[in-house]
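Descriptive structure summary
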Amino acid sequence: MILISLSILALCLPALSQQHTDYNSFKPGGEWLDNNGVHIDCHGGNIIYVESLKTFYWYGEHRGEPQGASCYSSSDLYNWKKEGVVIEKGNIQILERPKVVYDASTGRYVMWFHYDGILDGRNYGIAEFGVAVSDKPTGPFVVQNHYRPNGHESRDIGMYIDPETKKAYIGYAADHVNRTIRMVELSGDYLSTTTNDVDIEAHCEGPGILKKNGTFYLLTSQCSGWTPNPGTYYTSSAIMGPYANQGSPFIGDAGNNSFNSQPCYIFKIPGYKDAYLYMGDRWNGSGRPESQYVFLPITITADGKMEIHWHNEWNLSFFTPEKRRSNR
Ligand code: GAL
């Protein structure tokens, strides 16, 4: 019996080892497998770093079954372990673009997302924010509320967490239909929206935000469903605007389609100087679970321009490590 079991195990070993992934670079648009050797299903979301756990968590739409939002964890941003579906759609018709913020003072993880469905026969007619909470990074997240922020229709959302003030803001494709982007400040506990909610006169979807040298950079796509389009970035000296249109940051973008991707978030990678990670989705014309990811470094040039260049393969050595703070 023991011999038979050992031979079966030996036969399985090559298959098991094939599943093991060990990446040390990003390959934008390429195949990207999780720790089980399965395609990462985590779209339109964001990444957070939890210092106390020394772990990155990546949240996004889980477009396979069960549908909802998934969470993956990593210590290096290349290799991701599937933590599972942290919130299932249940009777929510559309749950898109989840964004999680961690409140270190309460130990709470707060997820905001695009809550939608059919209203008066119109798809994406509900147009609301949803908010869900978990006391663990890996869920389960429990829905607390869903509503239109300050009465405005809301579809695609992006999030910015100010590293100095710890305040969080949501940029959202607002009103009929995604005519503009509005920016709303969240309450100090991240659980509700405030009335500080402004039409920032930018257009129109998938907003990602970063701040460098006192300037806010807002990156957006246009509105063409699952088909990619040329991206635009805007700059402002204040998070609430007004924002000035600066054109496309995608340099050498032959297809004029943001390197065949749509932005979902800009993650400031800790431990490296000005390390801004462009997170984009390659939807391939439909929001399939197999959709790929386009992760690229964002550069802010000496004269303050945002640039995103294509790399077939790159890694974090692209960035300069931050000097450790001296204790003296
Ligand atoms: C896109 C949007 C996606 C999804 C899609 C549905 O414009 O960015 O998040 O809502 O439309 O067609």
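Coordinates for the structure precede this section.
To start, this report covers the structure provided alongside it.

The rules behind each value
Residues numbered from 1 in each chain as written. Predicted model: local features only at pLDDT ≥ 70, side-chain atom pairs only at ≥ 80, totals over all residues. Heavy atoms only, no water. Pairing = 2+ DSSP bridges. Helix = DSSP H or I, 4+ residues; strand = E, 2+ residues; numbered from the N terminus. Buried < 20%, exposed > 50% of the residue type's maximum accessible area, 1.4 Å probe, protein only. Polar contact = N/O pair within 3.5 Å; in protein donor to acceptor, adjacent residues only side chain to side chain.

1. Some points on the sheet that holds strand S18 (residues 262-268)
Read across the sheet, 5 strands follow the order S17-S22-S21-S20-S18 without closing on themselves; strand pairing throughout is mixed. Edge strands, defined here as strands with exactly one partner in the open sheet, are strand S17 (250-251) and S18. For strand S20 (residues 276-282) and strand S21 (residues 292-300), the ladder comprises 7 bridges, and the chain directions are antiparallel. Pairing of Tyr 276 across the sheet is with Ile 298, part of S21.

2. With respect to the sheet that holds strand S16 (residues 244-245)
Spatial strand order, S13-S14-S15-S16: 4 strands in an open sheet with antiparallel pairing. A single partner strand is all that each edge strand has here, and the edge strands are strand S13 (205-212) and S16. Two elements, S13 and strand S14 (residues 215-221), share 6 bridges in a ladder whose sense is antiparallel. Bridged to Glu 205 within S14 is Ser 221.

3. Looking at the side chain of Asn 79
Tracing the chain through its elements places Asn 79 in the loop between strand S3 (68-74) and strand S4 (81-88). You can call Asn 79 buried: its relative accessible area is 17%. A distance of 2.6 Å separates the side chain of Asn 79 from the backbone nitrogen of Tyr 23, its partner in a polar contact.

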